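# A closer look at the structure
Here are the chains, one letter per residue:
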Amino acid sequence: MRLNPIVRFAGSKLLRLGLLLLAVALFTFVLLSLSPIDPIQAYVGADMMLISPEQQELIAQRWGLDQPFLARLWDWLGQLLQGNLGISMVFNQPVIEVLANRFQASLQMLAIAWLISGILGLLLGIASGALEGSWIDRAIRLYAYTLASSPTFWVALLLLIVFSVSLKVTPICCAAPPGVLTEDVTIWQHLHHLLLPALTLSIIGIANITLHTRQKLIEVLHSDYVLFAQAQGERLWGIVRHHGFRNILLPALTLQFASLSELFGGSVLVEQVFAYPGLGEATVQAALRSDVPLLVGIVFFSALFVYIGNTIADLSYPIIDPRIRLGGNLEP
Amino acid sequence: MTLIPPQAPLRRSRLQRLTLSRRQQTLWVIGLCSLFLLGIILSTWIIGDTGLNPILAQRNQSPSLDHPFGTDWLGRDMLSRSLHGMSLSLRVGLLAATISAFIGSSLGLAAGTLGGWVDAVITWIVDVFFSLPHLVLLILIAFAVGGGTTGVVVAVALTHWTSLARVIRAEVLQVNSSDYVQLSHRLGRSPLWIARHHMIPHIIPQLLVGLILLFPHAILHEAALSFIGIGLSPHIPAIGIILAESMRHLSTGYWWLGVMPGVLLLLAVKAFDWLGENLRDLLDPKTSQG
Amino acid sequence: MLSISNLSITFTQYNQGLRRKHLHVITDLSLDVQAGEVVAVVGSSGSGKSLLAHTLLGILPTNAEYTGTLLFQGQPLTQKRCERLRGRAIALVPQSVAYLDPLMKVGHQVQRVAQLNGVSPAAARTLTHQTFQRYDLATNTQRRYPFQLSGGMARRVLVSTAVVTQADLVIADEPTPGLHPDVVREALTHLRELAEAGRGVILITHDIEAALQIADRIAVFYAGTTVEIAAAQDFSTGRLRHPYTQALWRSLPKNDFIPLPGNQPNPEQLPEGCLFSDRCPWVTPECTANRPALRQINNGWVRCIHA
């Protein structure tokens, strides 16, 4: 009996995910079918003049471009259900493999950025909220608001100018030193190349977490229970430690998981600036070189990624908040 | 008997006599930001082609009094180039944001007033939009439309309406459940009459603030798309393209090519933020008691 | 022990268009409390009762300014001294469980109050345990979260927070609304016990009947000022001095049940003269000209020139 709600919950979450992916699939397919871009011309590029119409026809047939709209949609959905996302034209590899390789490269960067921005954002937000109106608060807010309105790619550019060009402490691009084979890259070289992109992403991610944490802490500090804690003689830092932290942790955690969407978007721009061969860079490649299967694969993958983040955020509530966990069940 | 000296409040009120009142401060910020943004937009016509022609004798100069933003590898003045680029980006961003605000308010109004399945469908569309990273969605739409200026405008316009639609929908629902609207319904007023007399006056301020706060996002995303190379064509030097070009000259140490246009972009975005927030303070002080 | 005279509090707010406005929420308020007595502060909502408690604890919002004299145990009660004394010499029993941290177990919260009084963690645990036992709270109550408490349990937990302190002055803010009559009686008894133990108790309430059950003296607040301070027996013996107090007494169900028409004046635009003048049956031109001072009549105080 106890398992029932969990099964129902998982079931509804999976159903929602299925519907969402279907919606994304339909949306993407319609959008791309309406696109004026000719995939063959985009693929072949400047060599188009060298290819005969017969050869073009052959390519179109091989890609199934000569089928009518509904047939293509039906065929495509069928393939999707079998887990076949097609072949990437740019990388000449199954899309699934490209996604796996590229995401592996991005994952470490995303994870580092996610952790740093979460922890630092929380600390800065607490300092700023607890000292509301002070110089520290103003400085932190100025920093957060300025970053929130800074173009991500420009921040990456600035850090590149400072650390890679002027100070020469970090590499200027890529995931490994030039000329070194993937198998020969040491862990230090790997981290060295990862450092600046990850740092850029964290710096940008901090702003959102900081401002939300600050807002939430100020809300808590104006609550009745903090008023009572003050009346008990609790000092500011005691209040933050005993009541503030407890009450802002849940919203901060939720926000942190929900921020995966922005993190992913940020990684596209950051990887572009640092020429870091991750999933974000692949997104730009796919769009610039009209690699439709890869672009569609990335769209699906990012939807899944965001959905998992949001689902974890939803799940964290009943686990952490006793008001939901215990649900007012009063023992006699 | 001792009188308690109300120290802190006294000090505060003395300070207030010296500086402007909050209302005046707010009005000043609104005025200055509008002036700054208008200046950038109009700069294209004011300065014309000055500084845009290549002068090879003054290539790659770092910022100086003559060239506050320095010059590029062709000897063009970076300030002129940045202003032209920024003006273009602002106009593209404004166009896209305005379309977006129109979509957002129409769908928000529709969802709020019609309710039922219309509301359900619109809410669902909003959810689907939120389920993808914003930038991925932008790239997908810009790509599908075929890139270029049209691509940017369509992509930005189609992806920024969601939060405004939510705000407007909530506002409509709130006004709709209020006593005076309920009374109008019972008096047999037509939905159009109610919309004109009760809805519009409440929604216009929200819409105005929402629209202005949309601009910075629209401009940032326009710049990002152009930077990646999916946006405006390289022949129309929008701010994102100027920054992307600077990437090629970074390793040579010409930092100003990347820094200065970015500063201008940041200032423009901040000006919109300040404008929107101060306007909101003025129209609705309750949400921002500080 | 506590003496308040001519306390005035003003709030500064901004309205639409960011124009500044001032709210006079408390005007010329006076009150004194001795050790071992219960003084009830009675008034309808908006009369400034809760603000009085917040002033004594130094927890007024930052947009409030106040003037007047506050003496606690003979010494002026400055903001600094408030911060030193609150929780130790002056304790608050709040209105409801909304004043407890929703995510912290209640035993832990009471224990924390004891620790803030300088008690060691181990001793605080014992003290909490003893106090909960004294109020018939089961041991597992300590492990509950505020939302899991019933109305009666919540009252006893809230009183416990004051009992574990050594406070000389206990301020109970609206301890009775929305409770079952038995729980009300129990809550009031607990407060009376605190006074019997030699502490001074201020009972803030809008419920005169509850106040009369345990209070030695009753201060009646109207529009942020004290209109009368009377002994509890003055009510039943018909020796009330102020027309507002008399009207309140008459409006009780067990008496004539006649409500007083009209409302308290808006704190943005207080009348020039007596704050009660626009609703007073005794009003004369002198009343609207000047604010009456607090006068001593028959061992009580009244703010009315006609009393």
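Residues numbered from 1 in each chain as written. Chains lettered and ligands numbered in written order. Predicted model: local features only at pLDDT ≥ 70, side-chain atom pairs only at ≥ 80, totals over all residues.

### Structural notes on the overall build of chain C
Defined as follows: Strands here mean DSSP runs of E at least two residues long; helices mean DSSP runs of H or I at least four residues long; both are numbered from the N terminus. Any residue surrounded by 20 or more other C-beta atoms within 10 Å of its C-beta is treated as buried, while 12 or fewer makes it exposed and the intermediate range makes it partly exposed; C-beta atoms here are placed from the backbone. Think of it this way: build a C-beta for each residue from its backbone, and any pair within 7 Å is a contact.
Looking only at helices and strands, chain C features 10 helices and 12 strands. By principal-axis analysis of the C-alpha atoms, chain C measures approximately 65 × 45 × 40 Å. The burial tally for chain C puts 47% of its 307 residues in the buried class. Across chain C, the fraction of contacts at a sequence separation of at least 24, relative to all contacts at a separation of at least 6, is 66%.

### So, the overall build of chain B
Short version of the rule: The reference for a compact globule is 2.2 Å times residues^0.38; the radius of gyration itself is calculated from the C-alpha atoms.
Summing up its helical and strand segments, chain B has 11 helices and zero strands in all. Listed by position from the N terminus, the elements making up chain B come as α-α-α-α-α-α-α-α-α-α-α. Its C-alpha radius of gyration of 24 Å places chain B more than 25% over the 19 Å reference for a compact globule of 290 residues. Oriented by its inertia axes, the alpha-carbon framework of chain B measures out at about 80 × 70 × 35 Å. Out of the 290 residues belonging to chain B, those deemed buried represent 44%.

### Re the interface of chain B and chain A
This is how it is decided: Three classes are used, and their members are as follows: Ala, Val, Leu, Ile, Met, Phe, Trp, Tyr, Cys and Pro are nonpolar, Asp, Glu, Lys and Arg are charged, and the others, Gly among them, are polar.
Facing 35 residues of chain B, the contacting portion of chain A comprises 40 residues. Breaking the side of chain B that touches chain A down by element, the ones donating at least two residues are helix H5 (134-145), helix H9 (191-228) and helix H11 (256-283) of chain B. The leading source of residues in the side of chain B that touches chain A is H5(B), at nine residues. In the side of chain B that touches chain A, the residues fall into 25 nonpolar, eight polar and two charged.

### Quick notes on the sheet that holds strand S2 (residues 19-33) of chain C
Residues and elements named next belong to chain C. Rule in force here: Here, strands pair whenever DSSP counts at least two bridges between them.
Across the sheet, which stays open at both edges, the four strands sit in the order S2-S1-S4-S5 with antiparallel pairing between neighbours. Bordering the open sheet on either side are S2 and strand S5 (75-76), each of which pairs with just one other strand. Strand direction decides the pairing type here: strand S1 (residues 2-15) and S2, joined by 11 bridges, are antiparallel. Each bridged residue has a counterpart across the sheet, and for isoleucine 4 the counterpart in S2 is leucine 31.

### Some points on the sheet that holds strand S10 (residues 225-231) of chain C
Strand pairing in a sheet relies on backbone hydrogen bonds. The paired strands run either parallel or antiparallel. Residue and element names in this part refer to chain C. Selection rule: Whenever a helix is involved, its axis is fitted only over the stretch in contact; in every case the axis is a line through C-alpha atoms, and angles between N-to-C directions fall within 0 to 180 degrees.
Spatially, eight strands are ordered S6-S7-S8-S3-S9-S10-S12-S11 in an open sheet, and the strand pairing comes out mixed. Every other strand in the sheet has two partners, leaving strand S6 (90-93) and strand S11 (295-297) as the edge strands with one partner each. Across this sheet, the average inter-strand angle for adjacent strands is 25°, counted without regard to direction. Strands in contact with helix H5 (residues 151-163) are S6 and strand S7 (169-173); relative to S6, the strand with the most contacts, it is inclined by about 175°.

### Describing the packing of helix H8 (residues 187-221) of chain A against helix H10 (residues 236-258) of chain A
Residues and elements named next belong to chain A. The condition that has to hold: In a left-handed crossing the near helix is turned counterclockwise from the far helix by less than a right angle, and in a right-handed crossing that turn is clockwise.
Running from N to C, H8 and H10 point in directions that differ by 145°, and their axes come no closer than 9 Å. Handedness of the crossing formed by H8 with H10: right-handed. Residues Ile209, His212, Thr213, Lys216, Leu217, Val220 and Leu221 of H8 form the contact with H10, whose own contacting residues are His243, Gly244, Asn247, Ile248, Pro251, Ala252, Leu255 and Gln256. Classifying every residue of the contact of H8 with H10 gives eight nonpolar, six polar and one charged.

### Quick word on the environment of C:Pro177
All names here are of chain C. Counting through the fold element by element, proline 177 comes out in the loop between S7 and helix H6 (181-196). Taking the number of C-beta atoms within 10 Å as the measure of exposure, proline 177 has 12 and is therefore exposed. Once the C-alpha coordinates of proline 177 and isoleucine 204 are considered, the two residues, 27 residues apart in sequence, prove to be 11 Å apart.

### Some remarks on the confidence of the model for chain B
Short version of the rule: One number per residue, pLDDT, summarises how confident the predictor is, and it ranges from 0 to 100.
When pLDDT is averaged along chain B, the result is 82; 91% of the residues meet or exceed 70. Between residues 1-18 of chain B, whose pLDDT stays under 50, and residues either more than four places distant or in other chains, the model counts 14 contacts.

### Some points on helix H1 (residues 49-56) of chain C
Residues and elements named next belong to chain C. When you tally the buried positions in H1, you get seven out of eight residues, the bulk of the element. Inspection of H1 places Lys49, Leu51, Leu52, Ala53, His54, Thr55 and Leu56 among the buried residues, and these make up the whole buried set. Two residues or fewer after H1 comes glycine 58, characterised by a positive phi angle close to 65°.

### Quick word on the pairing of S1(C)
Where S1(C) lies against strand S4 (residues 64-72) of chain C, eight bridges are found, and the strand directions are antiparallel. Following the sheet pairing, C:Ile4 is matched in S4(C) by C:Leu70.

### So, the pairing of strand S8 (residues 200-205) of chain C
Residues and elements named next belong to chain C. The line we're drawing: Convention used here: a crossover is right-handed provided that the path from the first strand, over the helix, to the second strand proceeds clockwise when the strands point away from the viewer.
For S8, a buried count of six out of six residues is recorded, marking the element as mostly surrounded by other parts of the structure. Taking every second residue as pointing to the same face, both faces of S8 are buried, with Gly200, Ile202 and Ile204 on one and Val201, Leu203 and Thr205 on the other. Pairing between strand S3 (residues 38-42) and S8: five bridges, direction parallel. Bridge pairing links valine 41 to isoleucine 204 in S8. Pairing geometry for S7 and S8, over five bridges, is parallel. Paired with leucine 169 across the strands is glycine 200, a residue of S8. With H6 bridging S7 and the parallel S8, this β-α-β connection has right-handed handedness.

### Concerning helix H4 (residues 121-134) of chain C
Residue and element names in this part refer to chain C. Applied cut-off: How far a helix is expected to stretch is found by multiplying one less than its residue total by 1.5 Å. In this description, the arc belongs to the directions extending from the helix axis to the C-beta atoms.
End to end, H4 covers 20 Å across 14 residues, agreeing with the expected 20 Å (1.5 Å per residue, within 8%). For H4, the set of buried residues is Ala124, Leu127, Thr128, Thr131 and Phe132. Buried residues along H4 cover an arc of 130° about the axis, so they all sit on one side. Facing away from the buried side of H4 by more than 90 degrees, the exposed set consists of Ala122 and Gln133. Taken together, the buried residues of H4 touch helix H3 (106-116) and H5. Positive backbone phi, at 55°, marks aspartate 136, one or two positions downstream of H4.

### Some thoughts on the nonpolar core
Side chains of a nonpolar character, in soluble globular proteins, are inclined to be buried together. Spelled out, the test is: A set of buried residues drawn from Ala, Val, Leu, Ile, Met, Phe, Trp, Tyr and Cys, joined through C-beta atoms within 7 Å, is what defines a nonpolar core.
In terms of nonpolar packing, the biggest core is built from 241 residues, with C:Ile171 and C:Leu203 touching the most fellow members. The element that contributes the greatest number of residues to this core is H9(B), accounting for 16 residues. If we skip the residues at most four places from it in the chain, C:Leu203 touches C:Val38, C:Ala40, C:Val41, C:Ala172, C:Leu191, C:Ala211 and C:Ala215.

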